[in-house]
Amino acid sequence: MIENFQNLPVINRMILNKVQREAVEYCNGPQLVFAGAGTGKTRVLTAKIAFLIEKGINPWQILAATFTNKSAGEMRQRVENLVNVSVDGLWIGTFHSLCARILRRECLNIDYTPSFTIYDRSDQISLLKKVLKNLEIDDRSMPPKQIHNAISKYKNLCLLPEDLQNSVKGYYEQEVLRVYKSYQEMLHKQQAMDFDDLLMQTVLIFRKNENVLLKYRNMFKYVLVDEYQDTNYTQFLFLKMLVGNNNKIFVVGDDDQSIYGWRGAQIENILSFERQYPDTKVFKLEQNYRSTKHILDFANAAIMDNKIRASKKLWTDRTSGEKVILTRYRDNRQEAESIAKKICSINDTKTMLGEIAILFRTNAQSRSFEEAFRKHRIPYVLVGGTGFYERAEVKDCIAYLRLIINPCDDESFGRIMNVPARGLGDKARDTLIQSSRKLNCSMLEALMRSDISALGSRYQKGFSDLKSLFEILIEMEKSGESPDEILKQLLHFSGYMDMLTSLNTEEASARIENINELINALTIWSSEGQNRKLSSFLEEISLVSDVDCWEKKENSVNLMTLHCAKGLEFKHIFLVGLEDGIIPSRQNFDDDSAIEEERRLFYVGLTRAMENLECSYVDYRWRFGDLLPSTQSRFLNTIPSELYNYIDSSIFIENGSNGFKPRFETETREKPQKKRKVFNDPGFDDFSQDTIEFRMGQHVKHKTYGRGRILSISGFGDDMKLTVLFNNGSRKKLMAKFANFESV
DNA sequence: GGCGTAAGACTTTTT
DNA sequence: GTCTTACGCC
């Protein structure tokens, strides 16, 4: 029986409704699938790929663009389970990783080495600062971040400096253009590409060299795109060129969930798809399998006010479920505190913590929830924030590794030249830059080629140490040494580890921990397949997104921004901070289309919920240390009041009688007893051991600094840091795990 | 040239 | 309230 089932065609093995099935089976031309939230979009996409493979198309003849690496990996797995053949060859990934893959093979066409470096945002900003300095432009009148935005916009429209020459008007734009031009030259000189280049340069190669384009156009028998509403113009061009007249294109998307306009995405791409690809067949998935009727009615009402949208309405045959709740709180601390308490009681009954998510507009909003959860000992996972690969010590290691692969990367060289300290400061740097200009090469190359004694007697030791370090490292890489071994050796020979160990501070220990974590990651990565090269590792980590790093834990509440939540679903959603100025963001007040995007963001948040949806806003919000008044979001005004239950919790005052305790009141010891019974997950036990001892305002005694009081707590688990005000007047930041307080 | 302190900016969202 | 940058002192 089971064997028979396995032999059935994919289309019969998957549970698909009528429209889904039609969309999978249709193969006569371009297809646009409007897939509303929770309508089984991933299922259709997966089935389609499996269906194509089953029809005889080789996995390597299929290109599928997804929004995150994580969903690409999951989809690959699901397809493999369906088709019983290896799908290793399948081209599935984000636009950025797919383009990087093409570029590694084809970039000689645009005078780039295949080992080019990919610059992340912080690399880009630091390069821009350098450009501004070179051009003697004041970075206060032209903030690097702003210029970065402008350049990114141009690249998302596939516009090079020379394309703009005749069209830019004002002084500011002229200056931006000057920076763009120089920035682009610097990137090329360093054999580096930024995120946007990955897309744009691929298109430029396709334009420049028809043979290359035809190679890929002929190779890919089918092109599939997920989240099509979030593609930008350059991605549109990429697809259009790749598909040509073959018309084998299948896109899935939902205009109501287009939330990346600020990043260059054009909602017009999906709305005008039928014009771009004549004879397109449109499929509309409108049956929602995710949410209860009450949630769906609320979400439908919320999005209705948008003008720019394709007509459609989600429906469900699920039960009504519980009504949506809208709660008003006094301030964001009370909001977090109350939600923490609610979560404790939800957890008592049936819902696991992992099925709960707190969604907010800005990263900064996570803080009050982290504090409340810590206080109530609720384990949580924060998605996003400062990522592992953005930490200074990790970036230092990455800079060394990048240089081994790409010696032209002056950005990375500048970062590590004097880390650890080798007595090579600004003067030494200038000397080396001059030498590199003379030799017309990069800084590292200049160092390797120069006679050290010519670089100034004062820096002789520093330069020669650095030179021999790289001689060793480059030799190791050439001889095929494993990436993790190279990293270990570089940490040893450079003296980086010694630098940290000799510091002997709590912070240094934490940094060593992070570096060990990086070594682990690299070791695991190397062992996962054959011929795993350092360069591939570097590429992978520069293209990971926040959600890629997120692992759903069964017993941890999820905290994330609305943008991160796209594509995910949770039983219980708390959508918080629904205030004018937050959702919609104050910075979008004067732009109607941006307001519509904010409303879509709101809609994305609402439609993540499967069973329970609780929205909330506050009367006062703490910003920059001040308590500022807030009002409810304009998006709530047009939703009929019968669609939700309104609860006003703002009247509660923080005192014992209402259940809201003052923040600094000394806690009694009875609490953990009760909670432990609820949270018996081993993951939580780890968590509670680390946090149980510390509270804000707690009095502590340190063996060197004496008595003091904890001012604030940040991070948790092994990363927890305590800011302590000691009675001798000094203020110290300590790693909780090393603080080693004595009993008071 | 390195290290510490103080003033300033900062919070929209991210591949 | 926190992180980054600039400047001044050793």
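This part is about the overall build of chain A. If you tally the helices and strands in chain A, you get 33 helices and 20 strands. Pairs at least 24 residues apart make up 74% of the contacts formed inside chain A by residues separated by at least 6 positions. A total of about 34,300 Å² of accessible surface is found on chain A, and carbon and sulfur atoms cover 48% of it.

Where strand β2 (residues 62-66) meets strand β3 (residues 91-94), 4 bridges bridge the pair, whose relative direction is parallel. Looking at the pairing, Ala 65 lines up with Gly 93 of β3. Viewed along the sheet, the connection from β2 through helix α5 (residues 69-83) into β3 turns out right-handed.

Below, the discussion takes up the nonpolar core. Core analysis: the biggest nonpolar cluster contains 70 residues, and Leu 198, Phe 206, Tyr 216, Phe 238 and Leu 239 have the highest contact counts within it. Setting aside its immediate chain neighbours within four residues, Phe 206 contacts Ile 102, Val 212, Leu 213, Tyr 216, Phe 238, Met 241 and Leu 242. Among the nonpolar cores identified, the runner-up in size contains 48 residues, and Cys 441, Ile 452, Tyr 459 and Ile 512 belong to it.

Here we take up the protein's contact with DNA strand B. Not every one of the 28 residues close to DNA strand B is listed here, only the nearest: Arg 361, Asn 363, Asn 418, Ser 545 and Gln 587. Among the atoms of DNA strand B close to the protein, meaning within 4 Å, 47% are from sugar or phosphate groups. Contact between DNA strand B and His 96: a base oxygen at 2.9 Å from a side-chain N or O atom of the residue. Between DNA strand B and Asp 426 there is a distance of 3.3 Å, counted from a phosphate oxygen to a backbone nitrogen or oxygen. Among the secondary structure elements, those contributing two or more residues to the surface near DNA strand B are α21 (426-439) and α28 (562-565).

With that out of the way, let us pick up the packing of helix α11 (residues 195-208) against helix α13 (residues 233-243). Each pair of packed helices can be summarised by the angle the axes make with each other and by the distance between the axes. Here α11 crosses α13 at 35°, and the two axes come no closer than 9 Å. The chirality of how α11 crosses α13 is left-handed. Of the residues in α13, those touching α11 at Leu 199, Met 200, Thr 202, Val 203, Phe 206 and Arg 207 are Thr 234, Gln 235, Leu 237, Phe 238, Met 241 and Leu 242. Here the residues of the contact of α11 with α13 are counted per class, giving 8 nonpolar, 3 polar and 1 charged.

Rules used throughout
- Residues numbered from 1 in each chain as written.
- Chains lettered and ligands numbered in written order.
- Predicted model: local features only at pLDDT ≥ 70, side-chain atom pairs only at ≥ 80, totals over all residues.
- Heavy atoms only, no water.
- Helix = DSSP H or I, 4+ residues; strand = E, 2+ residues; numbered from the N terminus.
- Contact = heavy atoms within 4.5 Å.
- Areas by Shrake-Rupley, 256 points an atom, 1.4 Å probe, with all protein chains shown as cover.
- Pairing = 2+ DSSP bridges.
- Right-handed = clockwise from strand over helix to strand, strands pointing away.
- Core = buried A, V, L, I, M, F, W, Y, C linked by side-chain atoms within 4.5 Å.
- Buried < 20%, exposed > 50% of the residue type's maximum accessible area, 1.4 Å probe, protein only.
- Near = heavy atom within 4 Å.
- Polar contact = N/O pair within 3.5 Å; in protein donor to acceptor, adjacent residues only side chain to side chain.
- Axes fitted to C-alpha atoms, helices over the stretch in contact; angles between N-to-C directions.
- Left-handed = near helix turned anticlockwise from the far one by under 90°.
- Nonpolar A, V, L, I, M, F, W, Y, C, P; charged D, E, K, R; others polar.

In short, the description is geometric, and any link to function would need to be established separately.
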